[in-house]
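Each chain is listed here by its residues.
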Amino acid sequence: MIRPQNDPVEDFDLALSTSTSTVLILETDQKIIGAVVVGFDGHRGWFYYLGIKPDHQNSGNGRSLVTAAEEWLRHQGAPKAMLMVRRTNSAVIEFYEKLGYKVEDTLVLGKRF
Ligand SMILES: CC(C)(COP(=O)(O)OP(=O)(O)OC[C@H]1O[C@@H](n2cnc3c(N)ncnc32)[C@H](O)[C@@H]1OP(=O)(O)O)[C@@H](O)C(=O)NCCC(=O)NCCS
């Protein structure tokens, strides 16, 4: 999930600095066990950095965090939630499919500033 070109701390700070993006965290016993960056671009809502600590996976926590992110996006007025999965992490697609997400026939292009 973390790549050399991305600094997660900087990315989380940036998400917290705009009114249309945020970081949602999942806590148990006052300890963070999961997080997701979520943002509305005015057309679609996007998730980034969804992760649950390994010892808290497979207990419905990922589902809870995605549900919370969807609720946050709906509240912002976003009509649809989107996310990108790295080809090297394609095993996670089954998780998203269980939550109602479908693989779309779209290529994603990017340009770094
Ligand atoms: C992907 C991730 C967030 C899932 O969180 P989780 O808490 O383990 O998921 P849940 O327990 O809520 O699972 C929900 C459903 O998805 C299924 N599921 C979870 N991970 C799965 C996987 N890798 N492959 C297939 N199904 C999976 C669960 O069995 C469950 O199914 P059920 O409702 O039929 O019981 C977690 O594995 C993770 O943090 N992975 C590493 C980071 C990562 O890859 N993030 C995604 C970046 S795009």
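Up top is the structure these notes are about.
Bear in mind that the values here come from a model prediction, so they are computed numbers and not experimental data. (Residues numbered from 1 in each chain as written. Predicted model: local features only at pLDDT ≥ 70, side-chain atom pairs only at ≥ 80, totals over all residues. Heavy atoms only, no water.)

A look at the packing of aromatic side chains
Counting across every chain of the model gives five aromatic pairs. Ring geometry for Tyr96 versus Tyr101: centroids 6.0 Å apart, planes at 70°, classification edge-to-face. We classify Tyr96 as buried; its relative accessible area is 10%. By relative accessible area, which is 15% here, Tyr101 ends up buried. By way of ring pairs, the aromatic residues Phe47, Phe95, Tyr96 and Tyr101 are connected into one cluster. (Phe/Tyr/Trp six-rings, centres within 6.5 Å; stacked < 30°, edge-to-face > 60°. Buried < 20%, exposed > 50% of the residue type's maximum accessible area, 1.4 Å probe, protein only.)

Remarks on the pairing of strand S2 (residues 31–40)
The two faces of the sheet receive side chains in turn, since in a regular strand these alternate between them. Among the ten residues that make up S2, eight are buried, leaving the element largely enclosed by the rest of the structure. Here strand S1 (residues 21–28) hands over to S2 after two residues, with Asp29 in that stretch at a positive phi of 50°. (Helix = DSSP H or I, 4+ residues; strand = E, 2+ residues; numbered from the N terminus. Pairing = 2+ DSSP bridges.)

Section: the nonpolar core
In terms of nonpolar packing, the biggest core is built from 19 residues, with Leu24, Val36, Val38, Phe47, Leu65, Leu73 and Tyr101 touching the most fellow members. The set of elements that each furnish at least two residues to this core consists of S1, S2, strand S3 (45–52) and helix H2 (61–76). The element that contributes the greatest number of residues to this core is H2, accounting for five residues. Setting aside residues no more than four positions away along its own chain, Val36 makes contact with Thr22, Val23, Leu24, Phe47, Tyr48, Tyr49, Leu50, Leu65 and Ala69. (Core = buried A, V, L, I, M, F, W, Y, C linked by side-chain atoms within 4.5 Å. Contact = heavy atoms within 4.5 Å.)

A closer look at H2
One turn of an α-helix holds 3.6 residues; hence residues three or four places apart share an orientation. Over its 16 residues, H2 extends 23 Å from the first C-alpha to the last, a length consistent with the 22 Å expected when each residue adds 1.5 Å. Those residues of H2 that sit buried are Asn61, Gly62, Leu65, Val66, Ala69, Glu70, Trp72 and Leu73. Looking at the residues trailing H2, positive phi occurs at Gly77, about 100°. (Expected span 1.5 Å × (residues − 1).)

A few points about the environment of Asn89
By secondary structure assignment, the location of Asn89 is in the loop between strand S4 (81–83) and helix H3 (93–98). For Asn89, a relative accessible area of 41% puts it in the partly exposed group. The spatial distance from the C-alpha of Asn89 to the C-alpha of Met1 is 8.2 Å, given a sequence separation of 88 residues.

Details of the sheet that holds S4
Sheet strands pair via backbone hydrogen bonds, and the direction of the pair is either parallel or antiparallel. Taken together, the four strands give an open sheet; going across it, the order is S1-S2-S3-S4, and neighbouring strands pair in mixed fashion. Sheet topology places S1 and S4 at the edges, where each strand pairs with a single neighbour. The sheet shows a mean angle of 30° between the axes of neighbouring strands, direction not considered. As judged from the eight bridges shared by S1 and S2, these two strands associate in the antiparallel manner. Note that in S2 the partner of Ile25 across the bridge is Ala35. Running at roughly 110° to S1, helix H1 (residues 8–16) makes contact with S1, S2 and S3 of the sheet. (Axes fitted to C-alpha atoms, helices over the stretch in contact; angles between N-to-C directions.)

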